[in-house]
Amino acid sequence: MTTLIFSHKSAENHDMGHGHPECPNRIKAVTRALEADRFKNLDKREAPLATIEQISRIHSQIYVEQIIDLVPQEGLHQIDPDTALCPGSGEAAMRACGAVVAAIDAIMAGESNSAFCAMRPPGHHAEPSRGMGFCLFNNIAVGVQHARIVHNLERVAIVDFDVHHGNGTQSAFWSEEDVFFASSHQYPFYPGTGSAKETGVGNICNVPLAEGTGSQHFRRKIEGTILPALEKFKPQLIFLSAGFDAHSRDPLANLHLEEEDFGWITSKLVDIAGEHCDAKIISSLEGGYDLTALPNCVTAHLTELVKAM
Ligand SMILES: [Zn+2]
């Protein structure tokens, strides 16, 4: 049994225009990292399309259909100042959700314990009724609903270590006490949410980090907040919103983490998965915009994720 990797060529066809940091080269760099010798035995699968019904468990059906209708035949259709649709965006977005859904089905069928979804666009800023911040559909949130509704899981956790707060995921599960959402992020920063006072119905754990935060403080904060809260929650399945833009080289943010820090947090979460949920853990790519740091971070992340057992 080995870690599953879900990817699809369509992730390269979502292109928001020249110079946009959330670009097809990101996924090309990740794909090259996944081709390394150390990952040659992983179970690599194609990400299927999610259905409108699956995506509509989080987003309103009107919003989902609107996004699909707005996909242009050529050129770009802007949905917010940072986020646009191009002709390839609809398929990429539906497969980015489909990857997480397929990962859950495979893991619940006992085919593996762990999965990494190497897709884009990212998802964690997408709120139930609007996309924003490079995100169209909330891939992880769609997956969480699939796990709860189709596989009847009662306690599901999401840990989001992207440098930006996962406002979309928080908004989707704000009053769902059976879904634990933890996020570490630069704060104050885009998208503006994520203060430690935002706690939902006691199910949300925000860990704001000041600009310039480095490895030591990051690890101390995670050890003092998210990890004990996650242990206390005792999830049956852990989802990761795996963004790598807290890396010191990232052009969009100002935290100072290194590859090893992403390996470290992954190993801690894999340990908790081993303790509470038969090692079941699913990671989905979010941000990470330095094309040198991103593949190295993914390598560090996956090197620990494959140890889930
Ligand atoms: Zn981000």
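Cut-off values and rules
- Residues numbered from 1 in each chain as written.
- Predicted model: local features only at pLDDT ≥ 70, side-chain atom pairs only at ≥ 80, totals over all residues.
- Heavy atoms only, no water.
- Disulfide = S-S within 2.5 Å.
- Buried < 20%, exposed > 50% of the residue type's maximum accessible area, 1.4 Å probe, protein only.
- Core = buried A, V, L, I, M, F, W, Y, C linked by side-chain atoms within 4.5 Å.
- Helix = DSSP H or I, 4+ residues; strand = E, 2+ residues; numbered from the N terminus.
- Contact = heavy atoms within 4.5 Å.
- Arc of directions from axis to C-beta.
- Pairing = 2+ DSSP bridges.
- Right-handed = clockwise from strand over helix to strand, strands pointing away.
- Phe/Tyr/Trp six-rings, centres within 6.5 Å; stacked < 30°, edge-to-face > 60°.
- Salt bridge = Lys/Arg side-chain N within 4 Å of Asp/Glu carboxyl O.
- Axes fitted to C-alpha atoms, helices over the stretch in contact; angles between N-to-C directions.

## Quick look at the state of the cysteines
The tally for this structure, following the rule as stated, stands at zero disulfides. In this structure Cys 97 is not part of a disulfide, and its nearest cysteine sulfur, from Cys 117, lies 10 Å away. Residue classification places Cys 97 among the buried positions, given a relative accessible area of 0%. Cys 277 forms no disulfide, and the closest cysteine sulfur to it belongs to Cys 117, at a distance of 16 Å.

## A short note on the nonpolar core
Ranked by size, the top nonpolar core spans 93 residues in total, and within it Phe 6, Phe 116, Phe 137, Phe 239, Phe 244, Ile 281 and Ile 282 carry the most contacts. With 12 residues, helix α4 (residues 89–108) is the single largest residue contributor to this core. Ignoring anything within four residues of it in the chain, the contact list for Ile 281 reads Ile 107, Asn 113, Ser 114, Ala 115, Leu 237, Ile 238, Leu 240, Leu 269, Val 270, Ala 273, Leu 305 and Ala 308.

## Looking at helix α3 (residues 61–70)
All buried positions along α3 are accounted for by Tyr 63, Val 64 and Ile 67. Taken down its axis, α3 places every buried residue within 100° of arc, on the same side. Opposite the packed face of α3, turned more than 90 degrees from it, sit the exposed residues Ile 62 and Asp 69. Summarising the contacts, the buried residues of α3 are in contact with α2 (52–55), β3 (77–80) and β4 (83–85).

## What to know about the pairing of strand β9 (residues 237–242)
Counting buried positions along β9 yields six of six residues, so the element is predominantly enclosed. Side chains of β9 alternate between two faces, with Leu 237, Phe 239 and Ser 241 and Ile 238, Leu 240 and Ala 242 buried alike. Relative to β9, strand β6 (residues 156–160) runs parallel, the two sharing five bridges. By the bridge assignment, Val 159 is partnered in β9 with Leu 240. Here β9 pairs with strand β10 (residues 281–285) via five bridges, running parallel. Of the residues in β10, the one forming a bridge with Leu 240 is Ser 283. Once you follow β9 into helix α9 (residues 259–276) and on to β10, the crossover reads as right-handed.

## Regarding helix α5 (residues 139–149)
Across the 11 residues that make up α5, a large majority, 10, are buried. Those residues of α5 that fall on the buried side of the exposure criterion are Asn 139, Ile 140, Ala 141, Val 142, Gly 143, Val 144, Gln 145, His 146, Ala 147 and Arg 148.

## Description of the packing of aromatic side chains
Scanning the entire structure with this criterion turns up seven aromatic pairs. Judged by centre distance (5.9 Å) and plane angle (45°), the rings of Phe 161 and Phe 262 are tilted. A residue pair is termed long-range when its members are at least 10 positions apart, and Phe 161 in the loop between β6 and α6 (167–173) and Phe 262 in helix α9 qualify at 101 residues. Grouping residues by exposure puts Phe 161 and Phe 262 together as buried. With a centroid separation of 5.1 Å and an interplanar angle of 70°, the aromatic rings of Phe 244 and Phe 262 are classed as edge-to-face. Of this pair, Phe 244 sits in the loop between β9 and α9 while Phe 262 sits in helix α9; the two residues are 18 residues apart in sequence, bridging distant segments of the chain. Residue Phe 244 shares its accessibility class with Phe 262, and that shared class is buried. Chaining the aromatic ring pairs together yields one cluster made of Phe 161, Phe 244 and Phe 262.

## Concerning the pattern of salt bridges
Two side chains that carry opposite charge are able to pair once their charged atoms sit near each other. This model, assessed by the stated rule, comprises 12 salt bridges. When the shortest N-O distance is used, the salt bridge between Arg 45 and Glu 111 registers 2.8 Å. Of this pair, Arg 45 sits in strand β2 (residues 43–46) while Glu 111 sits in the loop between α4 and β5 (114–117), and the two are 66 residues apart along the sequence. For Glu 111, a relative accessible area of 38% translates into the label partly exposed. With its nearest N and O atoms 2.9 Å apart, the salt bridge here joins Glu 176 to Arg 148. Here the residue Glu 176 occupies a position in the loop between α6 and β7 (179–186), and Arg 148 occupies one in helix α5, the gap between them amounting to 28 residues. Classification of Glu 176 as partly exposed rests on a relative accessible area of 29%. Take Arg 148: its relative accessible area is 17%, and that puts it in the buried class. When salt bridges that share partners are traced, they join Glu 22, Arg 26 and Arg 120 into one network.

## Looking at unusual backbone geometry
With an omega of 5°, the peptide bond running from Arg 120 to Pro 121 counts as cis. At Lys 234, a position not held by glycine, the phi torsion is positive, near 50°. Looking at where Lys 234 falls in the secondary structure, it is placed in the loop between α8 (226–233) and β9.

## Quick look at the sheet that holds strand β8 (residues 204–209)
Sheets are built from strands paired through backbone hydrogen bonds, the pairs being either parallel or antiparallel. Taken in spatial order, the eight strands make up an open sheet running β2-β1-β5-β10-β9-β6-β7-β8, and their pairing is parallel. Sheet topology places β2 and β8 at the edges, where each strand pairs with a single neighbour. When strand polarity is set aside, the average angle formed by the axes of neighbouring strands in this sheet is 15°. Across four bridges, the pairing between strand β1 (residues 4–7) and β2 is parallel. When the bridges of β2 are listed, Ser 7 appears paired with Glu 46. Of the strands in this sheet, β1, β2, β5 and β10 touch helix α1 (residues 24–34), which is tilted by about 140° from β10.

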